[in-house]
Amino acid sequence: MVNQQIKIFDTTLRDGQQCPGAGMSFENNLKYAHIAAKAQVDILEIGFPSASKLDHAIVNTIAKELSDYKAPPILTALCQLRENQMEITLQSLAPALKIKKARLHTYFPVDVQLMNALGEYGKNHSKILKDIFHLIHQISKSGIEIQFSPEGYSRMGENFDFVTDIIRAVIEGGATIINCPDTIGGACKLQGDDYFVEHMKNHAAIIAKEYPHKNIIWSTHCHNDFGLALENSMNAIFYGPATQVEGCFNGIGERAGNVSLEQCIMYIKKFGKNFKNNLSYFTNMRCEFIQEISDFISTNMLQRQFHWPITGENAARHTSGGHTNAIIKNPLCYQPFDPKEIGNEISFQFGPFSGSNHAKEIIEKKGYSCSEQEKTEIAQFIKDFYADRRKGITDSELMNAYFIYRNSINSENKSKN
Ligand SMILES: CC(C)C(=O)C(=O)O
């Protein structure tokens, strides 16, 4: 059996903060970095330092603080492929570079539309290749690891051969990680030979043949504009060459967001084992911190939906009678995994579709009696009492109705006597 590690590249602090309304204070950027490091993400993208003095300070301070860790994540920051931006990025990552835990992440557009936007320069392929090689080669002299993203990779269209040349140029310049983004989130398996995972497979095969001694890492960065980011990221891993997945916790990011890392991590954990042909996939994440990370983002960046997969308030909460009864016997009857794995607990909320066992359990947990003979009548009383509360009731509201039921029974008995 071959065990293949999938590296988790967390860009919550970079692409995540490019999401309108999700920007955080200096202090919260630092707090998030510490939580992500504790959870053992492999690579943490901590910002875009050439964007402003504050962004430079955030990246530099996180790099200083996390460099004191025994096993810090690789720290990376993004910049355009421009000399001044690359220099600033290198400076801001200096504390991490000192301990060989720094990666410079740079990008250049290859999407047909984005290249058109470059005007005359976009048409001058030989000049572009020369510039790309030169800039990457220059910065690689510092000893920093380099990741290159051909921006808009999934929409390269007729540019396949040119993108191959760009990838050759960056590898010859010193880059060792090629990250293939679905920048606008439109990639789909139905595109057949034009599907970006097919292009990744072809590029990886060409590069492996031409540079057999270079260990190039392939990565994906999928946006979620059509709700396909998870499927595309998993295809790039399970059917393509990717051994690194980029995304943000809670799926935040530009526009409709990036692939959600908690979904990737738990999907790999659940379905990556014994995947096929003696191949098993795993991550090094400490999954028990996933809920904490997700809650932090929901409180400090962008509020999470209740039904958000994996970590949403409802992801491990149940209400209907049939589900509740089965879960009490075996949680996996109606849960894809035990929520304890991510630091969460199964919970129940009483509502119009709940059953008598559910009411009995809550009442007995609170220390009151609800016998087998009474439970159906009590549950019915509670439901009738809150007949207009279609969205469910809290445990204390349930107990309130229970006491009213008990009092009414007691007074009935008294009047009979
Ligand atoms: C720069 C790259 C990685 C990016 O964020 C994108 O293409 O969406």
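Scoring rules and cut-offs
- Residues numbered from 1 in each chain as written.
- Predicted model: local features only at pLDDT ≥ 70, side-chain atom pairs only at ≥ 80, totals over all residues.
- Heavy atoms only, no water.
- UniProt positions renumbered as here; feature names shortened; annotations may be inferred.
- Helix = DSSP H or I, 4+ residues; strand = E, 2+ residues; numbered from the N terminus.
- Contact = heavy atoms within 4.5 Å.
- Near = heavy atom within 4 Å.
- Polar contact = N/O pair within 3.5 Å; in protein donor to acceptor, adjacent residues only side chain to side chain.
- Areas by Shrake-Rupley, 256 points an atom, 1.4 Å probe, with all protein chains shown as cover.
- Nonpolar A, V, L, I, M, F, W, Y, C, P; charged D, E, K, R; others polar.
- Axes fitted to C-alpha atoms, helices over the stretch in contact; angles between N-to-C directions.
- Parallel < 35°, antiparallel > 145°, perpendicular 65-115°, else oblique.
- Left-handed = near helix turned anticlockwise from the far one by under 90°.
- Domains from an automatic or database assignment.
- Buried area = accessible area lost by both parts, 1.4 Å probe.
- Salt bridge = Lys/Arg side-chain N within 4 Å of Asp/Glu carboxyl O.
- Phe/Tyr/Trp six-rings, centres within 6.5 Å; stacked < 30°, edge-to-face > 60°.
- Buried < 20%, exposed > 50% of the residue type's maximum accessible area, 1.4 Å probe, protein only.
- Lys NZ or Arg CZ within 6 Å of the ring centre and 35° of its normal.
- Expected span 1.5 Å × (residues − 1).

Under an unreviewed UniProt entry, the name given to the protein chain is 2-isopropylmalate synthase, and the organism recorded is Silvanigrella aquatica. Under the UniProt heading Sequence similarities (unreviewed entry), the entry covering the protein chain gives this text: "Belongs to the alpha-IPM synthase/homocitrate synthase family. LeuA type 1 subfamily."

Participant: Teacher, can you tell me more about the side chain of Thr283 here?
Facilitator: Within the secondary structure, Thr283 sits in the loop between β10 (279–282) and α12 (290–300). Those residues within four positions of Thr283 in sequence are excluded, and the remaining contacts are Ile6, Ile8, Ile265 and Ile268.

Participant: When you look at the site of the ligand in this model, what are you seeing that I'm missing?
Facilitator: Surrounding the ligand, one finds Arg14, Asp15, His105, Tyr107, Ser149, Glu151, Asn179, Pro181, Thr183, His221 and His223. His221 is positioned with one of its side-chain polar atoms (N or O) 3.2 Å from an oxygen atom of the ligand. Between an oxygen atom of the ligand and a side-chain N or O atom of His223, the distance comes to 3.0 Å. When the ligand is considered free in solution it has 260 Å² of accessible area, and contact with the protein chains removes 94% of it. At the level of elements, β5 (102–109), β6 (145–151) and β7 (177–182) are the ones that each hand at least two residues to the shell around the ligand. Classifying every residue of the shell around the ligand gives two nonpolar, six polar and three charged.

Participant: I would appreciate a short explanation of the packing of helix α7 (residues 125–140) against helix α8 (residues 160–173) in the present structure.
Facilitator: For any two helices packed against each other, the geometry comes down to the angle between their axes and how far apart the axes lie. Contact pair α7 / α8: the axes reach a minimum separation of 7 Å and the direction vectors enclose 25°. By the angle between their axes, α7 is roughly parallel relative to α8. Along this stretch, α7 crosses α8, giving a crossing that reads as right-handed. Counting all contacts with α7, which are made through His125, Ile128, Leu129, Ile132, Phe133, Ile136, His137 and Ser140, the residues of α8 involved are Phe162, Asp165, Ile166, Ala169, Val170, Glu172 and Gly173.

Participant: Hey, could you run me through the domain arrangement of the protein chain in this one?
Facilitator: The figure often quoted for interface size is the accessible area lost as the parts come together. Structurally, the protein chain comprises domain 1 (2–300) and domain 2 (317–416). With both chains or domains summed, domain 1 and domain 2 bury close to 580 Å², and 56% of this area falls on carbon and sulfur atoms. On the domain 1 side of the interface with domain 2, the three residues burying the most area are Met266, Lys270 and Gln291, jointly 67% of the side's total. Along the contact surface separating domain 1 from domain 2 lie one salt bridge. Residues Lys269 and Glu341 are paired through a salt bridge, measuring 2.9 Å at the closest nitrogen-oxygen approach. Our count for the contact surface shared by domain 1 and domain 2 stands at five residue pairs in polar contact (both at pLDDT 80 or more). At the level of secondary structure, the elements contributing two or more residues to the side of domain 1 that touches domain 2 comprise α11 (261–271) and α12. Looking at which element gives the most residues to the side of domain 1 that touches domain 2, the answer is α11, with three residues. When its residues are assigned to classes, the side of domain 1 that touches domain 2 shows four nonpolar, one polar and three charged.

Participant: I'm lost on the packing of aromatic side chains in this one. Help?
Facilitator: In this description, a pair of aromatic rings is defined by centroid distance and the angle of the planes. Within this structure, the stated rule accounts for 14 aromatic pairs. Ring centres 5.9 Å apart and planes at 65° place the aromatic pair Phe275 and Tyr281 in the edge-to-face group. A residue is classified by how much of its surface remains accessible, and Phe275, at 23% relative accessible area, is partly exposed. Aromatic ring contacts, followed pair by pair, group Phe238, Tyr239, Tyr267, Phe271, Phe275 and Tyr281 into a single cluster. In this structure, Lys189 packs its charged tip against the face of Tyr239, placed 5.0 Å from the ring centre.

Participant: Just checking my understanding: could you explain helix α14 (residues 356–365) for this structure?
Facilitator: Three or four residues apart is the spacing at which side chains of an α-helix point the same way, because the helix has 3.6 residues per turn. For α14, the complete set of buried residues consists of Ser356, His358, Ala359, Lys360, Ile362 and Ile363. Looking at the buried side of α14, the elements it contacts are β11 (317–318), α13 (321–329), β12 (347–348), α15 (375–385) and α16 (395–416). In the stretch just after α14, Gly367 is the one whose phi turns positive, near 95°.

Participant: Got a minute to help me understand helix α2 (residues 53–66) in this structure?
Facilitator: Given a rise of 1.5 Å per residue, 14 residues ought to cover 20 Å, and the 20 Å separating the end C-alpha atoms of α2 matches this to within 8%. Inspection of α2 places Ile58, Val59, Asn60, Ile62, Ala63 and Leu66 among the buried residues, and these make up the whole buried set. In this structure, the buried residues of α2 make contact with α1 (26–38), β3 (43–45), β4 (74–80), α3 (83–92) and α4 (94–98). Measuring from the backbone nitrogen of Leu54 back to the side-chain oxygen at the start of α2 gives 3.3 Å, which picks out Ser52 as the cap.

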